[in-house]
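Structural features, examined
What follows is the residue order along each chain.
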Amino acid sequence: MKDNIILIGFMGCGKTSVGIRLSYRMKRTMVDTDKWIEKKQKMTITDIFDTYGEDTFRRMETECLKELIQAADGQIISVGGGLPVREENHRLLRKLGRVIYLKVTPETVYLRLKDDISRPLLQVEDPLKQICVLMQKRAPVYEACADVIIEASELSFEEIISQILAAGDVL
Ligand code: S3P
């Protein structure tokens, strides 16, 4: 297994914001799979969904994990909220390093993302319902993938980072 720290969780749980801060704190580089895919495709996630559809995006996520396994060790890796759902990706996440799940409530996600237009899956008539449906499906998957689970809804980014660092013996 590689020595990366991987942040997983639902859209809006704080993976990217925590990842950036953690990477400064631990003096590690940070990779965000969405940004990685956008750079490689030279397209936004929204355009990828619109042009190629979700299945193709999911294949790009798996490709990204495979390339990260070949890449330098010791990074902080924030992955898209739907990435752990694809079964093939579980094994790849395990290979890639220790997995931290930032667990948040549907209400937290809704409040954070209700005015955000960059998440194609939430551009629906009733986003809260969509968040609840997706989260119910995904929560067991996130839990099965995780080495560490952090209840993150009520925590500041700094408090989340403290908990990650406190779990250092696990990591
Ligand atoms: C998705 C989450 C997004 C992005 C895409 C699909 C999902 O990433 O990969 O919009 O299926 O949950 P974030 O979790 O970083 O928002």
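Residues numbered from 1 in each chain as written. Predicted model: local features only at pLDDT ≥ 70, side-chain atom pairs only at ≥ 80, totals over all residues. Heavy atoms only, no water.

Inspection of the region around the ligand gives 14 residues, with Lys15, Asp34, Arg58, Arg119 and Arg138 positioned closest. In the model, an oxygen atom of the ligand is placed 2.5 Å from a nitrogen or oxygen of the lysine 15 side chain. Contacts to the ligand include arginine 119, whose side-chain N or O atom sits 2.7 Å from an oxygen atom. Contact with the protein chains removes 96% of the 380 Å² of surface that the ligand exposes when unbound. (Near = heavy atom within 4 Å. Polar contact = N/O pair within 3.5 Å; in protein donor to acceptor, adjacent residues only side chain to side chain. Areas by Shrake-Rupley, 256 points an atom, 1.4 Å probe, with all protein chains shown as cover.)

Let us now look at the nonpolar core. Ile6, Ile8, Phe10, Leu93, Ile100, Leu102 and Ile164 are the most contacted members of the largest nonpolar core, which totals 52 residues. The element that contributes the greatest number of residues to this core is helix H7 (residues 127–145), accounting for 7 residues. Leaving out residues up to four positions away in the same chain, isoleucine 8 has contacts with Cys13, Lys15, Val79, Pro84, Val99, Ile100, Tyr101, Leu102, Tyr142 and Cys145. (Core = buried A, V, L, I, M, F, W, Y, C linked by side-chain atoms within 4.5 Å. Buried < 20%, exposed > 50% of the residue type's maximum accessible area, 1.4 Å probe, protein only. Helix = DSSP H or I, 4+ residues; strand = E, 2+ residues; numbered from the N terminus. Contact = heavy atoms within 4.5 Å.)

This structure, assessed with the given rule, holds 12 salt bridges. Between lysine 66 and glutamate 88 there is a salt bridge, and its shortest N-O distance comes to 3.3 Å. In this pair, lysine 66 is assigned in helix H4 (residues 54–70) and glutamate 88 in helix H5 (residues 87–96), connecting sequence segments 22 residues apart. Residue classification places glutamate 88 among the partly exposed positions, given a relative accessible area of 32%. Lysine 103 is the partner of glutamate 143 in a salt bridge, and the nearest nitrogen-oxygen pair spans 3.3 Å. (Salt bridge = Lys/Arg side-chain N within 4 Å of Asp/Glu carboxyl O.)

Between H5 and H7, the shortest axis-to-axis distance is 10 Å and the interhelical angle comes to 35°. The handedness of the crossing between H5 and H7 is right-handed. Residue-level contacts link His90, Leu93 and Arg94 of H5 to Val141, Ala144 and Cys145 of H7. Looking at the contact of H5 with H7 residue by residue, the class counts come to 4 nonpolar, 1 polar and 1 charged. (Axes fitted to C-alpha atoms, helices over the stretch in contact; angles between N-to-C directions. Left-handed = near helix turned anticlockwise from the far one by under 90°. Nonpolar A, V, L, I, M, F, W, Y, C, P; charged D, E, K, R; others polar.)

Strand order across the open sheet formed by 5 strands is E2-E3-E1-E4-E5, with parallel pairing between neighbours. With one partner strand each, in any of the chains shown, strand E2 (30–32) and strand E5 (148–151) form the two edges of the open sheet. Mean inter-strand twist for the sheet, computed between neighbouring axes without regard to direction, equals 20°. Here 5 bridges tie strand E1 (residues 4–8) to strand E4 (residues 97–103), and the two strands are oriented parallel to one another. Counted as the bridge partner of isoleucine 8 is tyrosine 101 from E4. (Pairing = 2+ DSSP bridges.)

Attention now moves to the layout of surface pockets. By volume, the largest pocket is sized at about 550 Å³. Lining the largest pocket are 31 residues, with Met11, Lys15, Asp34, Gly80 and Arg119 positioned closest to its centre. At the level of elements, helix H1 (15–26), helix H2 (33–41), helix H3 (45–52), H4 and helix H6 (106–113) are the ones that each hand at least two residues to the lining of the largest pocket. Residues of the lining of the largest pocket, tallied by class, amount to 10 nonpolar, 11 polar and 10 charged. By volume, the second largest pocket amounts to about 160 Å³. Every element with two or more residues in the lining of the second largest pocket is listed here: H4 and H7. Looking at the lining of the second largest pocket, the element that brings in the most residues is H7, giving 4 residues. When its residues are assigned to classes, the lining of the second largest pocket shows 4 nonpolar, 1 polar and 5 charged. (1 Å grid on protein atoms, 1.4 Å probe; cavity = no way out; pocket = protein on both sides within 12 Å on 5 of 7 lines; lining within 4 Å. Points joined across faces, edges and corners; volume = space filled by probe spheres on them.)

Over its 12 residues, H1 runs 16 Å from end to end, which matches the ideal 16 Å to within 8%, given 1.5 Å per residue. For H1, every residue scored as buried is listed here: Lys15, Val18, Gly19, Leu22 and Ser23. Burial along H1 is one-sided: seen end-on, the buried residues are contained in an arc of 135°. Buried residues along H1 sit against E1, E2, strand E3 (76–78), E4 and helix H8 (157–166). Just past H1, the residue lysine 27 takes up positive phi, approximately 55°. (Expected span 1.5 Å × (residues − 1). Arc of directions from axis to C-beta.)

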